[in-house]
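Tertiary structure, described
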Amino acid sequence: MPDLSGINVVTVKSQAFLNERQTIDYQTQREACLNWLLTFGKDPDRVEGYALGTVKPRAARMDQFYRFVWDYEGRYTANITHDYADAWMTELASTDLSTAHKDCCQKAVKMLFKWRHHEHGLEEWTPEITFYSRDSASNPRDYLSREERVKIREAALEYGSAPSYSDLTPEARDRWRIHLAQRFGKPKSDVTPADWDCANGWKIPSLVWVSMDAGLRPIEVERATTSWVDVDNRLLRIPKEQSSKNRDNWLVGLRSQTVEYLKRWLDQRDTYAKYDETETIWLTNHGNPYSSQSLRYLLHRLFEEAGIPTENRQVSWYTIRHSVGTYMTREEDLAAAQAQLRHKSEQTTMKYDQTPVEERRDALDRMG
C-alpha cells in the first residue's frame, strides 16, 4: 500500500464543509483514488503508478474541484460528473489565473476521472474547454541565465548573514537581536551569540549550490538525507526508493566548491538539536522539510538579494533546474543533461536542446 503521509487527504477547507460521516466517506474515496494513482495510475496494464511528486499537487487540485461541486450544489456529494468538470473549467476560464494553473487543474480532473473509469467503469472525461500552456510545451518555463546563476550563487553566500557579534556596539547588537528574534521566531531575550553563528551558517549556501549543480526538484530537496552525500567522490548518490520517479539509483556530480560548502554545513548541522532525530539534510527554521512553497519563497528572496527582477517571470525552484538542463546540454550533450537531471526518457531532456537567449543575441550581433 503506498504511503499517503505526504498528501493532505482531507484538507482543512474541505473538512469545514463536511460533517463527521461525510468526512469519513470523502476520506475513504480519496484514499482509494490516491492509492490507485500511485500504484496503477500511469499505466494500469503494467502496474505503473504516478510519482508522489506528481500526485501530491494534483490531489490538492482535485480537492478544490470537489469543493467547487459542493458550493455549486449547496451540499456534499461524491457523485462527480462530467458536467461538473466542464462547469469548473468554464469558471476557471473566466478568472485571471495563469493558463499554466488552469492547465494543471484540468490535468488533475482528468486524473480523477481516469481512476473512476478504471475502478468504477465510468467514462473518461474529454473537456469541452482546453487550456494550452506554453509552459508545458517544448521550452522550459523559465531558467536562470549564466550571469544570473553566478548572481544567485553569490546571493546565497550573502543571504541572511549578520555582522560579527564582537564587532558590534551595544546599540547595534540590540537592533540585530530584534532582527534575529523575528527571523528565528523567538523572543528577543532568548537571542544569544549562537544565533549569530546560525545566521552565518552554511545551510542556505549548501542547499542552493547543491541545487544549482544537481537541479534538485523540490521533492528531492525535501527527501535529501545525509546518506546521499559522497564527499570523497563529489557525488550525490540518490537511491531509487527516494528519487522523484522511483525507478533507478542516480549518481549526480557536484563541483568541488559545492562539496566544500556541503561539508561545512554537515559539520554545523550536527550541532543543532532539531537534526538529532532525522537524517534530512536541510530543515526550515521551524524544523520542517523544505516544500515547494518554502523553496519558492527562498528563491524570491535570493532574487531580491541579487538584484534580479521577477516581473514577467514564473520564479520557482524549477527555474534552477531548467537552467541546469539548458546549459548542461550546451556544454556537454543531451546524454549528460539526462544523467544530471535524472530523466528516465531522453524525450524529457530534449526540451533543453535549444540555444539560450544570450547566445541567440550574440548570433544577431555577428549577423549584423
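That block above? That's the structure.
**A look at the pairing of strand β2 (residues 235–238)**
As defined by bridge partners, strand β1 (residues 229–230) adjoins β2 across 2 bridges and the pair is classed as antiparallel. Within the sheet, the bridge partner assigned to Val229 lies in β2 and is Leu236. Here β1 folds back onto β2 in antiparallel fashion, the turn holding 4 residues, of which Arg234 has a positive phi close to 55°. Inspection of the sheet shows β2 paired to strand β3 (residues 250–253) by 4 bridges, in the antiparallel sense. For Leu236, the partnering residue across the bridge sits in β3 and is Val252.

**A short note on the packing of aromatic side chains**
Considering all chains together, one arrives at 16 aromatic pairs under this definition. Ring centres 4.8 Å apart and planes at 80° place the aromatic pair Trp209 and Tyr261 in the edge-to-face group. Of this pair, Trp209 sits in helix α9 (residues 203–214) while Tyr261 sits in helix α11 (residues 256–269), placing them 52 residues apart in sequence. In this pair, the class of Trp209 matches that of Tyr261, namely buried. Here Trp265 and Tyr272 contribute two aromatic rings whose centre-to-centre distance is 5.9 Å and whose plane-to-plane angle is 35°, an arrangement assigned as tilted. Here the two residues Trp265 and Tyr272 agree in accessibility, since each one is buried. Feature note: the residues Phe17, Tyr26, Phe65, Tyr66, Phe68, Trp70, Tyr72, Tyr76, Tyr84 and Trp88 constitute an aromatic cluster, connected by ring pairs.

**A word on the sheet that holds β1**
Taking strand neighbours across the sheet as the criterion, the 3 strands line up as β1-β2-β3 in an open arrangement whose pairing is antiparallel. Strands at the two margins of the open sheet, each flanked by one partner only, are β1 and β3.

**A few points about the nonpolar core**
Counting residues in each nonpolar core, the largest one holds 42 residues, and the members touching the most others are Ile152, Val208, Leu236, Trp282 and Trp317. Within the residue set of this core, elements represented by two or more residues are α6 (146–158), α9, β2, β3, α11 and α12 (292–306). With 7 residues, the single largest contributor to this core is α9. In this structure, Val208 is in contact with Ile152, Ala156, Leu302 and Trp317, ignoring residues within four places of it in sequence. Of all hydrophobic cores here, the second largest spans 36 residues; its members include Trp36, Met62, Cys105 and Met111.

**A closer look at the packing of helix α2 (residues 20–39) against helix α5 (residues 99–120)**
Following both chains from N to C, one finds α2 and α5 inclined at 90°, their axes separated by 10 Å at the closest point. In this view, α2 runs roughly perpendicular relative to α5, as classed from their interaxial angle. Residues Gln29, Ala32, Cys33, Trp36 and Leu37 of α2 lie in contact with α5, whose contacting residues are Met111, Leu112, Lys114, Trp115, Arg116, His118 and Glu119. A class-by-class count of the residues in the contact of α2 with α5 yields 7 nonpolar, 2 polar and 3 charged.

**A look at α12**
Taking 1.5 Å per residue as the helical rise, α12 with its 15 residues ought to reach 21 Å, and the 21 Å between its terminal C-alpha atoms agrees with that figure. When we look at burial in α12, the residues that qualify are Leu295, Leu298, Leu299, Leu302, Phe303 and Ala306. The arc that holds the buried residues of α12, viewed along the axis, is 145°, so those residues lie on one side. Facing away from the buried surface of α12 by more than 90 degrees, the exposed residues are Gln293, Tyr297 and Glu304. Looking one or two places after α12, you find Gly307, whose phi comes out positive at around 70°.

**Comments concerning unusual backbone geometry**
If you check the backbone angles, Val47 has positive phi at about 55° while not being a glycine. Mapped onto the fold, Val47 is located in the loop between α2 and α3 (52–73). Classification of Val47 by relative accessible area gives exposed; the value is 52%. Unlike most non-glycine residues, Asn312 shows phi in positive territory, near 60°. Looking at the element boundaries, Asn312 is found in the loop between α12 and α13 (318–331). For Asn312, a relative accessible area of 84% corresponds to the exposed category.

**Focus: the environment of His117**
Summarising the element assignment, His117 is placed in helix α5. In contact with His117, not counting residues within four places along its chain, are Leu122, Glu123 and Glu124. A distance of 2.7 Å separates a polar atom in the side chain of His117 from the backbone oxygen of Leu122.

Rules behind the numbers
Residues numbered from 1 in each chain as written. Predicted model: local features only at pLDDT ≥ 70, side-chain atom pairs only at ≥ 80, totals over all residues. Heavy atoms only, no water. Pairing = 2+ DSSP bridges. Helix = DSSP H or I, 4+ residues; strand = E, 2+ residues; numbered from the N terminus. Phe/Tyr/Trp six-rings, centres within 6.5 Å; stacked < 30°, edge-to-face > 60°. Buried < 20%, exposed > 50% of the residue type's maximum accessible area, 1.4 Å probe, protein only. Core = buried A, V, L, I, M, F, W, Y, C linked by side-chain atoms within 4.5 Å. Contact = heavy atoms within 4.5 Å. Axes fitted to C-alpha atoms, helices over the stretch in contact; angles between N-to-C directions. Parallel < 35°, antiparallel > 145°, perpendicular 65-115°, else oblique. Nonpolar A, V, L, I, M, F, W, Y, C, P; charged D, E, K, R; others polar. Expected span 1.5 Å × (residues − 1). Arc of directions from axis to C-beta. Polar contact = N/O pair within 3.5 Å; in protein donor to acceptor, adjacent residues only side chain to side chain.

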